[in-house]
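Descriptive structure summary
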Amino acid sequence: MYGNNVDNTSDLYVNTSPITSPTNNSSVNNSIEPAIHAKNVGFMYVTSLKEAMICAELIAKSAFCPRVFQNKPGDIVVALQHGQELGLKPMQALQNTAVINGKPTMWGDLALALCKSHPTVEYIKETKVKSKNKYICRVKRIGENEVKRSFSEDDARRAKLWNKPGPWTEYPQRMLPARARGFALRDGCADILCGFITREEATDYARLDCAKTEYARTDAFHTKITPELISLNEVNRLIELVDATANPQDVRERLLKHYEIFNIDELPASKFAEAEKVLLAKKQRASEVVVAEVTATNTTKDVSGETK
């Protein structure tokens with residue numbers, strides 16, 4: 001986000017014009033103004049870390065800010081920096097950046113968009129082999145050989161992803177082509193993606209580490225700390241309790257936000273009892289509301305069953 005070694009062909013939102021002394025401010029301002037209109041960079045045009053933090057603090061308090069960045073201005077600044085390296089505008093960077101195990105990743109649709117729009121990419125073709133429930137992605141860049149990668153239901157089963165709670169259960173026909181695409185774009189367009197991997201792939205890797213654990217952090221001696229995640233039965237138990245509340249969608253979103261996870265199956269085992277207790281209370285309140293409504297309705301009727 002800072003410094004002058006920036007690709008000026010992209011839509012920038014940081015002032016990279018050199019300011020050498022107070023005496024040349026007028027000439028600098030004259031050169032900046034046309035650039036703003038020419039590139040349509042919008043209002044987020046910062047010249048220092050202080051200005052970047054001011055913008056980040058405003059975004060962090062906004063309802064438009066993704067929940068993982070809410071009240072985290074420092075994380076927002078870092079996300080904008082990563083976004084600028086990819087040629088993204090500020091809000092594009094925030095909406096399409098996900099941090100998995102402390103590593104920034106991008107959503108699969110963004111990876112496809114960046115590569116499709118790049119002038120060196122000749123074509124990106126995705127096809128399905130129906131007989132094998134397999135997807136193939138082909139990427140061809142000008143002057144280079146075609147890169148072909150695939151991912152099938154059999155691959156997903158071997159990787160213990162098939163029927164796994166979450167996207168692999170809810171949208172398997174979206175996840176298969178996304179994984180094939182991720183492999184092809186990473187191998188054929190690594191320079192365009194700047195080494196980023198897709199959020200979907202990174203999440204699967206985190207879940208598969210040590211079968212039922214994820215890497216939370218590394219201590220001073222580089223020992224991997226791997227807290228156990230809840231079991232499939234516990235996942236189903238929590239989903240059952242969420243569905244029994246008065247507003248399941250709102251309760252689910254609040255639960256995920258509170259524990260800073262994307263799916264219920266990412267909840268650490270140590271937090272299961274706490275989450276179950278909260279959801280049981282919400283379920284009880286929902287039942288009490290229903291009973292109260294029925295009682296209120298009955299008291300408005302006379303003995304003949306006619307409403308007063």
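Residues numbered from 1 in each chain as written. Predicted model: local features only at pLDDT ≥ 70, side-chain atom pairs only at ≥ 80, totals over all residues. Heavy atoms only, no water.

Some points on the pattern of salt bridges
Counted only if it meets this: The term salt bridge refers to a pairing of a side-chain nitrogen on Lys or Arg with a carboxyl oxygen on Asp or Glu at a separation within 4 Å. Only DSSP runs of H or I covering at least 4 residues are called helices, and only runs of E covering at least 2 are called strands; the numbering of each starts at the N terminus.
Counted under the stated rule, the structure contains 12 salt bridges. For the salt bridge of R237 with E276, the shortest nitrogen-to-oxygen distance reads 3.1 Å. Of the two residues, R237 is situated in helix α11 (residues 232-243) and E276 in helix α13 (residues 272-299); the sequence distance between them amounts to 39 residues. Salt bridges linked by common partners bring D109, E126, R174 and R181 together as one network.

Looking at the packing of aromatic side chains
The test is simple: Here a pair means two rings of Phe, Tyr or Trp (six-membered ring of Trp) with centres within 6.5 Å. Their orientation is stacked below 30 degrees between planes, edge-to-face above 60, and tilted elsewhere. Here, over-ring charges are defined by two tests on the NZ atom of lysine or the CZ atom of arginine: distance to the ring centre within 6 Å, and angle to the ring normal within 35 degrees.
Using the criterion set out here, one finds 3 aromatic pairs in the structure. The structure contains a cluster of three or more aromatic residues connected by ring pairs, namely F151, W162, W168 and F183. The ring of Y123 has K125 lying over it, and the distance from NZ or CZ to the ring centre is 4.5 Å. When the ring centre of F151 is taken as origin, the NZ or CZ atom of R179, which lies over that ring, is 5.3 Å away.

Some points on helix α8 (residues 172-188)
One full turn of an α-helix is made of 3.6 residues, so residues set three or four places apart face in the same direction. Let me state the cut-off plainly: Expected helix span is given by 1.5 Å per residue-to-residue step, counting one fewer step than there are residues. Three labels apply to residues, based on accessible area from a 1.4 Å probe with only protein chains included: buried if under 20% of the type maximum, exposed if over 50%, partly exposed otherwise in between.
In this model α8 runs 24 Å from its N-terminal to its C-terminal C-alpha over 17 residues, within 8% of the 24 Å that 1.5 Å per residue would give. Most of α8 sits inside the fold, with 12 of its 17 residues counted as buried. When we look at burial in α8, the residues that qualify are P172, M175, L176, P177, A178, R179, A180, R181, G182, A184, L185 and G188.

Some points on the sheet that holds strand β4 (residues 134-141)
Two pairing modes exist for strands in a sheet, parallel and antiparallel, and in both the strands are linked by backbone hydrogen bonds. Which entries qualify depends on this criterion: Only strands that DSSP links by at least two bridges are regarded as paired with each other. Throughout, an axis means a line fitted to C-alpha atoms (over the contacting stretch in the case of helices), and angles, computed between N-to-C directions, take values from 0 to 180 degrees.
Strand order in the open sheet formed by 3 strands is β3-β4-β5, and the pairing between neighbours is antiparallel. Single-partner strands in this sheet number two, and they are β3 (121-129) and β5 (147-152). Averaged over all pairs of adjacent strands, the angle between strand axes in this sheet comes to 15°, irrespective of strand direction. In the sheet, β4 pairs with β5 via 6 bridges, with the strands oriented antiparallel. Note on β5: the bridge partner recorded for R138 is K148.

Thoughts on the side chain of S152
To keep it simple, the criterion reads: Residues are treated as being in contact if the distance between any of their heavy atoms lies within 4.5 Å.
Among the structural elements, S152 can be located in strand β5. Looking at S152, the relative accessible area reads 7%, which means it is buried. Residue contacts for S152: discarding those within four places in its chain leaves K132, N133, K134 and L176.

Looking at the packing of helix α5 (residues 108-116) against α8
We apply this condition: Roughly parallel means an angle under 35 degrees; roughly antiparallel means over 145; roughly perpendicular covers 65 to 115; every other angle is labelled oblique. Working rule for handedness: look at the near helix, and if it is turned counterclockwise from the far one by less than a right angle, call the crossing left-handed; if clockwise, right-handed. Residues are sorted three ways: Asp, Glu, Lys and Arg are charged, Ala, Val, Leu, Ile, Met, Phe, Trp, Tyr, Cys and Pro are nonpolar, and all the rest, Gly among them, are polar.
Running from N to C, α5 and α8 point in directions that differ by 45°, and their axes come no closer than 10 Å. One finds that α5 runs oblique with respect to α8. Note on packing geometry: the crossing formed by α5 with α8 is left-handed. Every residue of α8 that contacts α5 at G108, D109, A111, L112 and C115 is listed here: R174, R181 and L185. Partitioning the contact of α5 with α8 into residue classes produces 4 nonpolar, 1 polar and 3 charged.

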